[in-house]
Amino acid sequence: MARRAFVVNAAVRDKVRHLAGVGVSQDDIAKIIGCAPKTLRKRLRDELDRGVAEANATISGYLFAAAKAGNIAAIIFWLKTRAHWSERPASDEPVPAPMPSRTQRWSSSCPAIAEIRS
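Novice: Which parts of the structure should I look at to understand the overall build of the chain?
Specialist: Of regular secondary structure, the chain possesses 7 helices and 0 strands. Ordered by position from N to C terminus, the α and β elements of the chain give α-α-α-α-α-α-α. Counting the 118 residues in the chain, one finds 16% classified as buried. The long-range share in the chain, meaning contacts at least 24 apart out of those at least 6 apart in sequence, stands at 42%. Within the structure as shown, the chain displays about 9800 Å² of accessible surface, and the carbon and sulfur contribution to it stands at 58%.

Structure (structure tokens):
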């Protein structure tokens, strides 16, 4: 007995796009809509990709809005993931004292300046 042909219509496309967007695995989506995983990937590739992309865009929008509103966790997350900021690892070595600038070294060693200051 031959298999029944899998019919793809607008409702199936919307369901696949939604399920892919909320993170359901392709194997589970195939079970839900009643086809083989290979058929799902072959016939509904665009919906699988679009669902994930649309969900990422929506969540990115919420994250961006939260960061703009001053949510510190959202700001830190955005900077680390999108702006490639990173925290420096703690070092066991002490941080060296900053060198005095040229002007400070020159003025402290110049006798005329030292006399004016006193």
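Additional details are given in the paragraphs that follow.
Novice: So what exactly am I meant to see when it comes to the environment of Leu63 here?
Specialist: With respect to the secondary-structure elements, Leu63 resides in helix 4 (residues 45–68). Owing to a relative accessible area of 21%, Leu63 belongs among the partly exposed residues under this scheme. As for Leu63 and Ile75, which are separated by 12 residues in sequence, their C-alpha atoms are 8.5 Å apart.

Novice: How should the pattern of salt bridges be read in this particular structure?
Specialist: When charged atoms on two side chains of opposite charge get close, those side chains can pair. Throughout the structure, instances matching the rule amount to 7 salt bridges. The closest approach of N and O atoms between Arg13 and Glu47, which form a salt bridge, is 2.9 Å. Here Arg13, found in helix 1 (residues 10–21), pairs with Glu47, found in helix 4; they are 34 residues apart in sequence, far enough to count as distant. Take Arg13: its relative accessible area is 32%, and that puts it in the partly exposed class. Residue Lys31 is joined to Asp28 by a salt bridge in which the shortest nitrogen-to-oxygen separation is 4.0 Å. Here Lys31 pairs with Asp28, and both are found in helix 2 (residues 26–33), just 3 residues apart, close to one helical turn. For Asp28, a relative accessible area of 36% puts it in the partly exposed group. Look at the salt bridges and you will find they share partners, linking Asp14, Arg17, Arg50 and Glu54 into a network.

Novice: Would you explain the layout of surface pockets in this entry?
Specialist: Empty space within the largest pocket amounts to approximately 280 Å³. Surrounding the largest pocket, Arg3, Arg4, Ala5, Phe6, Val7, Gly34, Cys35, Ala36, Thr39 and Arg43 form its lining. Of the residues assigned to the lining of the largest pocket, the class counts are 5 nonpolar, 2 polar and 3 charged.

Novice: Explain unusual backbone geometry to me, please; I cannot follow it from the model alone.
Specialist: Only a minority of non-glycine residues have a phi that is not negative, and only a minority of peptide bonds are not trans. The residue His84 is not glycine, and still its phi comes out positive at about 60 degrees. Turning to its location among the elements, His84 is positioned in the loop between helix 5 (72–81) and helix 6 (102–109).

Novice: Can you help me understand the nonpolar core in this one?
Specialist: Across soluble globular proteins, nonpolar side chains show a tendency to be buried alongside one another. In terms of nonpolar packing, the biggest core is built from 13 residues, with Phe6, Val16, Ile29, Ile33, Leu40 and Leu44 touching the most fellow members. Counting only elements with at least two residues in this core, the list comes to helix 1 and helix 2.

Novice: Help me out: how do you make sense of the packing of helix 1 against helix 4 in this one?
Specialist: The relative placement of two packed helices is expressed as an angle between their axes plus a distance between the axes. Running from N to C, helix 1 and helix 4 cross one another at 50 degrees; their axes reach a closest spacing of 7 Å. In terms of orientation, helix 1 lies oblique with respect to helix 4. In terms of crossing hand, the pair formed by helix 1 and helix 4 is right-handed. Contacts between helix 1 and helix 4 involve Arg13, Val16, Arg17, Ala20 and Gly21 from the former and Glu47, Leu48, Arg50, Gly51, Val52, Glu54 and Ala55 from the latter. Its residues assigned to classes, the contact of helix 1 with helix 4 comprises 5 nonpolar, 2 polar and 5 charged.

Calculation criteria
- Residues numbered from 1 in each chain as written.
- Predicted model: local features only at pLDDT ≥ 70, side-chain atom pairs only at ≥ 80, totals over all residues.
- Heavy atoms only, no water.
- Helix = DSSP H or I, 4+ residues; strand = E, 2+ residues; numbered from the N terminus.
- Buried < 20%, exposed > 50% of the residue type's maximum accessible area, 1.4 Å probe, protein only.
- Contact = heavy atoms within 4.5 Å.
- Areas by Shrake-Rupley, 256 points an atom, 1.4 Å probe, with all protein chains shown as cover.
- Salt bridge = Lys/Arg side-chain N within 4 Å of Asp/Glu carboxyl O.
- 1 Å grid on protein atoms, 1.4 Å probe; cavity = no way out; pocket = protein on both sides within 12 Å on 5 of 7 lines; lining within 4 Å.
- Points joined across faces, edges and corners; volume = space filled by probe spheres on them.
- Nonpolar A, V, L, I, M, F, W, Y, C, P; charged D, E, K, R; others polar.
- Core = buried A, V, L, I, M, F, W, Y, C linked by side-chain atoms within 4.5 Å.
- Axes fitted to C-alpha atoms, helices over the stretch in contact; angles between N-to-C directions.
- Parallel < 35°, antiparallel > 145°, perpendicular 65-115°, else oblique.
- Left-handed = near helix turned anticlockwise from the far one by under 90°.

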